[in-house]
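# Structural characterization, general
One letter stands for each residue in the lines below.
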Amino acid sequence: MRLLISGYYGFGNLGDEALLEVIVSQLRTRYPYGQIDVLSAKPEETAHELRVEATPRWDAKAVRQAIGRADVVISGGGGLLQNATSLRSLVYYAGIIRAATRANRKAMIFAQSVGPLDFWGKALVKECCKGVSAATVRDARSVELLRSLLPIGVEHTADPVFLYDAPEEELDLSIEGLGPQSDPLVTFSVRKAHGMKERLDVLAHAADRLAQVYGARVAFLPLGGAPDAEVSTLIIRKCKTAPVLLPECSLARAANIIRRSKAVVGMRLHALILAARYAIPFLAIPYDPKVSALCEDLAYPLPPLFTLDPPGPKPEAGQIDLLVDQLWSQREPVSQHLAGAAERLRALALRNFEVLDRVVEGKNP
């Protein structure tokens, strides 16, 4: 049996690479004799790191051949079926699904966040994805949207990264200026987004508050590579204290940095998922509906630092102080809450693969 995985893979985004690593690991456990192929922007790197076959995602002929060889095409996980990024992106991912169903291959929408979709985006998904065998999505909003577009059952699950287990490692950050004396560590994970430029000082103020009042050592972790590092640098330059910009690192190292942290301030979805996975309290910055949806699924008790989608008011200095103080003072009960919520979402994350099992077996999910 051959399984073909389509997603935002090979671009160096640690969140998406975490998704792929978990998916491949689970597929190997469930189908030890199956062959796994991944559509990747860097196929040689993906093949080497995960010991899979990999097909260059921009080579149309190679992609068609990969679809033709596959028994099941898995679209996901991630936020693939949306046209907030661009219509071109949606055409690509929906086109993979359409090509699979036209070739009489089983196809599954897997652990996705669906939307935002405008009129044309909805029409495209409705037309291209109507032949899928099953669909699992990682938030309630996506369930409602996809059910309105497709005549199949859509199941609410959770992001597979809730299943990620970082290998235990001795975390020595001395070379980055974060030796043993650097506790308590607070990790920031930021990215470019519309409206961020006007709120860089908000994040700088939050970092300074954590450092000056609570003695925290603040470190910026660029999960999305150079663009995240660029935004982090702009914030650090506005700080009165001296946060550290961590270098790009492996997924395991990034997960262990978050696990060691006493708190996280995050925009990146998978930084927040890893924080929840390890019961680390956080302040979220929703820049996309998927971040708000995660907080809803966690029934997360702390309000966001600010919101960019939908655009929210810019908090004043006093409001920032109150939010940071609330994060710090409520760390223990929030951690306990996350431990329980994350366990429930781990079970839902496994459900993605149970639905896939039914698709592979040719049964009605």
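Predicted model only: the values in this text are computed from it and were never measured.

Our next topic: the sheet that holds strand β12 (residues 282-284). Taken together, the 5 strands give an open sheet; going across it, the order is β10-β9-β8-β11-β12, and neighbouring strands pair in parallel fashion. Of all the strands in the sheet, just β10 (244-245) and β12 have a single pairing partner and so form its edges. Where strand β9 (residues 217-220) lies against β10, 2 bridges are found, and the strand directions are parallel. Among the inter-strand pairings, F220 is bridged to a residue of β10, identified as L245.

Moving on to the pattern of salt bridges. The full count for this structure, using the stated rule, is 16 salt bridges. Ionic pairing is found between D37 and R69, a salt bridge with its closest N-O pair at 3.9 Å. Of this pair, D37 sits in strand β2 (residues 35-40) while R69 sits in helix α3 (residues 60-69), placing them 32 residues apart in sequence. A relative accessible area of 2% means that D37 is categorised as buried.

Within the fold, S232 resides in helix α8 (residues 226-238). What makes S232 buried here is its relative accessible area of 1%. In this view, S232 contacts V190, F220 and L245; residues no more than four positions away in its chain are not counted.

Procedures and definitions
- Residues numbered from 1 in each chain as written.
- Predicted model: local features only at pLDDT ≥ 70, side-chain atom pairs only at ≥ 80, totals over all residues.
- Heavy atoms only, no water.
- Pairing = 2+ DSSP bridges.
- Helix = DSSP H or I, 4+ residues; strand = E, 2+ residues; numbered from the N terminus.
- Salt bridge = Lys/Arg side-chain N within 4 Å of Asp/Glu carboxyl O.
- Buried < 20%, exposed > 50% of the residue type's maximum accessible area, 1.4 Å probe, protein only.
- Contact = heavy atoms within 4.5 Å.

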